[in-house]
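# Observations on the model geometry
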Amino acid sequence: MLDVTRLRVLVAVARYGSVTAAARALNYAQPSVSHHLARLEAETGIKLIQRAGRGIRLTDAGRLLAERAAEVIGRLDAAENELAAYTGLRAGRLRLAAFPSALGTIVPAAAAVLRGKQPSIDLRLTEAEPPEALRMLRAGYVDVALVFRYFPDEPGLDAPGTDSAESPAVHGGVAGHGTATVFGTGGFTDDDDSGIDITEGLRERLILDEPIHLVTSAHGTEQAPTELSRYARHRWIAGCDRCRANLLRQCAQAGFIPKIAFTTDDYVAVQALVAADLGVSTLPALCLRAARHPGVKTTPLAGARRHVFAVRYGDPPDPPAVTMLMDVLRTVAEPAGPAG
């Protein structure tokens, strides 16, 4: 059985890059860190650390063990926090990972409501795109991950071996609102454009079903056409990897390949580029709720949607604070009025 304390030391060395920095982060004496590393090598029978000039670096085996140890330690820390919440030792520390446009809209509103309902809850926020947010969730670094998937035609959702009936929040549109789902390989799979291999234990709740908007320059008074095919000769501005993949799918369905002139995952920059007549783009409604440039026009694209999910890992029931957060996120997600 590997010693958890020694695993923590290995993870700290991998994270901070040196024995000295790891000792400082752990509040250990430097010789103590070196001792733990030597004992861990003795336990495993494998060389985990090697000299590199005046410093050290992890061997391939050391990096592999450090990655697995980070997941184990994350789950242990999460379990400790959840048990403390259940036994009433503290109202609970809540850790939420969310993508940028959610952090600019849903999350602050939810945090304010949560603080009013339960001031003792310690809410901590991390910005992360869906692939990284789900990795953090599985490793125990966060308690809830806010993620998104485009609909329809997201690759991987109907991959062989999936059972779409098992996950109504993925395939059921607004009918899935408020439902929690345990799924296996349906949802974010290794065939998905997130590139993540997720197997089981994830439970998701559909928080928001939002339209995708065509974003064009507001220059001129004429009504801009809304069919994507009318913009086949225009330059396009693409977003993050997942957003870019969705743009390519939408344009392919309209019969053309977009000429992508700019790529940025900053939705404020996207709108500024469009307003300057440097191209056209598409953006989900949340991006327009978070920040709206006065120099753009927006029109919802028929049939193009983005689904936002709050995801949990592990078996129910959830700690009361987590349940409250999930409920609040769902409540504040709906916009007060149209984005465009």
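One can find the structure itself at the top, above this paragraph.
Criteria and cut-off values
- Residues numbered from 1 in each chain as written.
- Predicted model: local features only at pLDDT ≥ 70, side-chain atom pairs only at ≥ 80, totals over all residues.
- Heavy atoms only, no water.
- Core = buried A, V, L, I, M, F, W, Y, C linked by side-chain atoms within 4.5 Å.
- Buried < 20%, exposed > 50% of the residue type's maximum accessible area, 1.4 Å probe, protein only.
- Helix = DSSP H or I, 4+ residues; strand = E, 2+ residues; numbered from the N terminus.
- Contact = heavy atoms within 4.5 Å.
- Expected span 1.5 Å × (residues − 1).
- Arc of directions from axis to C-beta.
- Patch = residues over 30% accessible without salt bridge, like charges linked within 9 Å, V, L, I, M, F, W, Y side chains within 5 Å.
- Areas by Shrake-Rupley, 256 points an atom, 1.4 Å probe, with all protein chains shown as cover.
- Salt bridge = Lys/Arg side-chain N within 4 Å of Asp/Glu carboxyl O.
- Phe/Tyr/Trp six-rings, centres within 6.5 Å; stacked < 30°, edge-to-face > 60°.
- Lys NZ or Arg CZ within 6 Å of the ring centre and 35° of its normal.

## Some thoughts on the nonpolar core
- With 40 residues, the main nonpolar core has Leu-146, Ile-207, Trp-236, Val-308 and Leu-329 as its most contacted residues.
- Among the elements of the structure, β3 (93-98), α6 (106-117), β5 (144-151), β7 (202-217), β8 (235-238), α9 (241-253), β11 (296-313) and α12 (320-333) are those that each provide at least two residues to this core.
- Among the elements that line this core, the one with the most residues is α12, at 8 residues.
- Contacts of Leu-146, omitting those with residues within four sequence positions, involve Leu-96, Ala-97, Ala-98, Phe-99, Ala-102, Val-107, Ile-207, Val-308, Phe-309, Ala-310 and Leu-329.

## Observations concerning α6
- In this model, α6 (12 residues) spans 17 Å end to end at C-alpha, consistent with the 16 Å of a helix rising 1.5 Å per residue.
- Listing the buried residues of α6 in full gives Ile-106, Val-107, Ala-110 and Leu-114. What you see down the axis of α6 is that its buried residues fit within an arc of 80°, all on one side. Away from its buried face by more than 90 degrees, α6 exposes Ala-112, Arg-115 and Gly-116.

## Thoughts on a nonpolar patch on the surface
- A surface patch of nonpolar side chains, about 220 Å² in accessible area, is lined by Val-4, Val-72 and Leu-76.
- In this fold, Leu-76 is placed in helix α4 (residues 60-86).

## Quick look at the pattern of salt bridges
- Evaluation of the coordinates by the stated rule reveals 12 salt bridges.
- The closest approach of N and O atoms between Glu-204 and Arg-149, which form a salt bridge, is 3.3 Å. On the criterion of sequence distance, the pair formed by Glu-204 in strand β7 and Arg-149 in strand β5 is long-range, its members being 55 residues apart.
- Residue classification places Arg-149 among the buried positions, given a relative accessible area of 2%.
- As a salt-bridge pair, Arg-205 and Asp-327 come within 2.7 Å of each other at their nearest N and O atoms. Placement of the pair is Arg-205 in strand β7 and Asp-327 in helix α12, with a sequence separation of 122 residues.
- With relative accessibility at 36%, the residue Asp-327 sits in the partly exposed group.

## Brief notes about the packing of aromatic side chains
- For the structure shown, the criterion picks out 3 aromatic pairs.
- Considering the side-chain rings of Phe-148 and Tyr-150, the 5.7 Å spacing of their centres and the 75° angle between planes classify their relative orientation as edge-to-face. Of the two residues, Phe-148 and Tyr-150, both sit in the buried class.
- The interplanar angle of 35° and the centroid separation of 6.2 Å between the aromatic rings of Trp-236 and Phe-256 together place this pair among those described as tilted. Of this pair, Trp-236 sits in strand β8 while Phe-256 is found in the loop between α9 and β9 (259-263), placing the two residues 20 residues apart along the sequence. Take Trp-236 and Phe-256: they sit in the same class, and that class is buried.
- In this structure an aromatic cluster arises from ring pairing among Phe-99, Phe-148 and Tyr-150.
- If you follow Arg-306 out to its NZ or CZ, it ends over the ring of Phe-148, 4.5 Å from the centre.

## A word on unusual backbone geometry
- If you check the backbone angles, Asp-277 has positive phi at about 65° while not being a glycine.
- Turning to its location among the elements, Asp-277 is positioned in the loop between α10 (267-275) and β10 (281-284).

## Let's talk about the side chain of Thr-105
- Following the sequence through the fold, Thr-105 ends up in the loop between α5 (100-103) and α6.
- Dropping the residues within four chain positions of it, Thr-105 is found in contact with Leu-286, Arg-289 and Ala-290.

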